[in-house]
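The residues making up each chain are set out below.
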Amino acid sequence: MTRPADSVLVIVPAWNEEQNVGTTVREILGTGRGYDVAVVDDGSMDATATVAREAGAIVLSLPFNLGVGGAMRTGFTYAQRMGYGRAIQVDADGQHNPADIDRVLAGLETADISIGARFSDVGDYQVRGPRKWAMKLLAAIVSRVAKTKLTDVTSGFRAAGPRAIDQYVRYYPAEYLGDTLDSLVAACHTGLTVTQVPVAMRPRAFGRPSQGAWGSTVYLLRSAFALSLAIMRRPTGRERGPA
């Protein structure tokens, strides 16, 4: 399917987000920028799909929960098949401000992947303890892989140009932190370029964040292990795409 090169698909992975997803979709459509919104209902047990559809989104329903990585690969596959030139992830919980979508997309003018970074002197988003140390360590290491300075390599607020969409369809891992770290490192290994732009995060509207106190405690070791595997792993010929 042929679409303009600047066409945008906003991909919203959602698992049991009936309280948040409707507001998120309406905010995105309310920007008046002509974005199409695809909510990937990741095996939700509530009314996520119904609420998203009533709010005006395209709904891609998965039969069971695959995690963010599986949901995003589904979204990127849809973007590729439908001919979108750009795709951007916006989380269903309302923390990503739709007003910043254009800012993140603008990074694609100079790179294949643009990350909305939470730690670039914009907003008051903060983390403490082991999670903060882990994020700084991860950013330092991935910056060397990407050959550019990055401060927030676990942000899910990121955009992909056509080359990145194709790469993500070929390989977008579903393992722990795979949707952020592994997908980014693998993309760099195939020659894609990365940039970041500053954005401010908003508090989650309803529900609890996925990481609690215990999750923050083990975050450092798990993230270091995940990054080690990502760096050691090299993409296969299929994941690299045609020469």
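Now for a quick tour of the structure.

### Side note on the environment of valine 153
Structurally, valine 153 can be placed in the loop between α5 (129–146) and β6 (158–160). In the structure, valine 153 is positioned 12 residues away from isoleucine 141 in sequence and 9.7 Å away in space, judged by C-alpha atoms. The residues contacting valine 153, other than those within four sequence positions of it, are Leu138, Ala139, Val142, Arg158, Thr180, Leu181 and Leu184.

### What to know about the pattern of salt bridges
Per the counting criterion, the structure on display carries 6 salt bridges. A salt bridge links arginine 3 to aspartate 36, with the shortest nitrogen-to-oxygen separation between them at 3.9 Å. With a gap of 33 residues between them, arginine 3 in the segment before β1 (8–14) and aspartate 36 in strand β2 (residues 36–42) connect regions that are remote in the sequence. Overall, arginine 3 belongs to the partly exposed group, its relative accessible area being 24%. Two residues, arginine 163 and aspartate 112, come together in a salt bridge whose shortest N-O distance is 2.7 Å. Of the two residues, arginine 163 is situated in helix α6 (residues 162–170) and aspartate 112 in the loop between α4 (101–106) and β5 (113–117); the sequence distance between them amounts to 51 residues. The exposure class assigned to arginine 163 is partly exposed, which follows from its relative accessible area of 46%.

### Notes on the packing of aromatic side chains
As enumerated under the stated definition, the model contains 3 aromatic pairs in all. Measuring from ring centre to ring centre gives 4.8 Å for phenylalanine 76 and tyrosine 168, while their planes differ by 45°; the resulting arrangement is tilted. Of the two residues, phenylalanine 76 sits in helix α3 (residues 67–81) while tyrosine 168 sits in helix α6, which places them 92 residues apart along the sequence. The same class applies to phenylalanine 76 and to tyrosine 168, which are both buried. Pairing phenylalanine 76 with tyrosine 172 gives two aromatic rings, centres 5.5 Å apart and planes at 50°, and the pair type is tilted. Of this pair, phenylalanine 76 sits in helix α3 while tyrosine 172 sits in the loop between α6 and α7 (178–189); the two residues are 96 residues apart in sequence, bridging distant segments of the chain. On the accessibility criterion, tyrosine 172 (4% relative accessible area) is buried. Three or more aromatic residues joined by ring pairs form one cluster here, namely Phe76, Tyr168 and Tyr172. In this structure, arginine 3 is placed above the aromatic ring of tyrosine 84, and the distance from its NZ or CZ to the ring centre is 4.2 Å.

Cut-off values and rules
- In this numbering scheme, every chain counts its residues from 1 along its sequence in written order.
- pLDDT decides what is reported in this predicted model: residues at 70 or higher carry local features, side-chain atom pairs at 80 or more are listed and counted, and totals for whole chains, interfaces and linings draw on all residues regardless.
- The basis for the side-chain values is all heavy atoms of the structure; hydrogens and waters are excluded.
- For helices the rule is a DSSP run of H or I covering at least 4 residues; for strands it is a run of E covering at least 2, with both sets numbered from the N terminus onward.
- A contact between two residues is defined here by any heavy atoms of the two lying within 4.5 Å.
- Take a side-chain nitrogen of Lys or Arg and a carboxyl oxygen of Asp or Glu: if they are within 4 Å of each other, that pair is a salt bridge.
- Note on classification: 1.4 Å probe, protein chains only; a residue is buried when its accessible area is under 20% of the maximum for its type, exposed when over 50%, partly exposed between these limits.
- In summary, the pairing rule links any two rings of Phe, Tyr or Trp, Trp by its six-membered ring, whose centres are within 6.5 Å, and it sorts them by plane angle into stacked for under 30 degrees, edge-to-face for over 60 and tilted for everything else.
- Both a distance and an angle decide whether a charge sits over a ring: NZ of Lys or CZ of Arg must be within 6 Å of the ring centre and within 35 degrees of the ring normal.

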